Amino acid sequence: MRKDMNYIVLDVETPNGKNDSICSIGVELIDDDKVTDEWYTLVDPEEEFESMNIAIHHITPGMVQGAPKFEEVWARIAPYAATRVFVAHNAEFDLTVLAKALTLRGMDIPSIRYICTVDLGRRVHYNFTNVKGDLVLSNFSRTLGVELTEHHNALFDTRACAGIFLKLREMYGFDPAAYVKKFRFPKSHPHRPDLRRGLF
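The structure contained in this document is the topic of the report that follows.

### Observations regarding the packing of helix α4 (residues 117-125) against helix α6 (residues 154-172)
Describing two packed helices takes the angle between their axes plus the distance from one axis to the other.
And step 1. Two elements in contact, α4 and α6, have axes whose closest approach is 11 Å; the angle formed by their N-to-C orientations is 25 degrees. It follows that α4 is roughly parallel to α6 by the angle criterion. When the axes of α4 and α6 are compared, the crossing they make is left-handed. Side by side, α4 and α6 meet where T117, L120, G121, V124 and H125 of the first sit next to C161, I164, F165, L168, M171 and Y172 of the second.

### Some points on the pattern of salt bridges
And step 1. One pass over the structure, following the stated rule, counts eight salt bridges.
And step 2. The partner of E47 in a salt bridge is K18, and the shortest N-O contact between them spans 2.7 Å. Of the two residues, E47 sits in the loop between β3 (34-42) and α1 (51-57) while K18 sits in the loop between β1 (7-13) and β2 (24-31), which places them 29 residues apart along the sequence.
And step 3. Across the salt bridge formed by R84 and D31, the nearest N and O atoms sit 2.8 Å from each other. On the criterion of sequence distance, the pair formed by R84 in the loop between α2 (70-81) and β4 (85-88) and D31 in strand β2 is long-range, its members being 53 residues apart. The two residues R84 and D31 agree in class, both being buried.
And step 4. The network of salt bridges with shared partners includes D119, R123 and K181.

### With respect to α6
And step 1. Spanning 19 residues, α6 covers 27 Å between terminal C-alpha atoms, matching the ideal 27 Å at 1.5 Å per step.
And step 2. If you check which residues of α6 are buried, you get A154, L155, D157, T158, A160, C161, A162, I164, F165, L168 and R169.
And step 3. Two or three places before L155, at the start of α6, stands the capping residue N153, its side-chain oxygen 2.9 Å from that residue's backbone nitrogen.
And step 4. Looking one or two places after α6, you find G173, whose phi comes out positive at around 55 degrees.

Calculation criteria
- Residues numbered from 1 in each chain as written.
- Predicted model: local features only at pLDDT ≥ 70, side-chain atom pairs only at ≥ 80, totals over all residues.
- Heavy atoms only, no water.
- Axes fitted to C-alpha atoms, helices over the stretch in contact; angles between N-to-C directions.
- Helix = DSSP H or I, 4+ residues; strand = E, 2+ residues; numbered from the N terminus.
- Parallel < 35°, antiparallel > 145°, perpendicular 65-115°, else oblique.
- Left-handed = near helix turned anticlockwise from the far one by under 90°.
- Contact = heavy atoms within 4.5 Å.
- Salt bridge = Lys/Arg side-chain N within 4 Å of Asp/Glu carboxyl O.
- Buried < 20%, exposed > 50% of the residue type's maximum accessible area, 1.4 Å probe, protein only.
- Expected span 1.5 Å × (residues − 1).
- Polar contact = N/O pair within 3.5 Å; in protein donor to acceptor, adjacent residues only side chain to side chain.

Such coordinate-based values are descriptive only and should not be taken to indicate function.
Shown next as structure tokens:
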């Protein structure tokens, strides 16, 4: 089993359907197949909240008053972009939110390499035979025996994503390099529907 890659695992929650701002984020660092650090913060999105999003993650406008703004949060994440592979569940969603938030603020989008645990699960665990619902974060966590105690809390979702990744590494001993993709933004198919709600 190769251990020459280190990772930054993350999950974001958004205040509204525009998906260009963040109201909370969870991060875990994985070094040599062990979680070495984690952090979570609410984020002031400087955007209005929509009731559908609040119903999902239970974060309200009052809760983010005084929280760090995106620029502060990104300053903590950005140094890892050049040295680590990002890992997320349905990673295109989370990374697209980051890219949109950076673009909105006139900030550069770094070169990002990533592994999606939805794609990983489909390939190495289900061998392309699964139905869509098997890869919902809560279902896949339960299948693998990975703890997920508070779904749609960015910290707990990040922990579950890291747990899924490490469990699959333990079970199958795959070479992560074979599943690394390069994130591209904007997408070549901008009208492709967002699959996040079905896979989270």
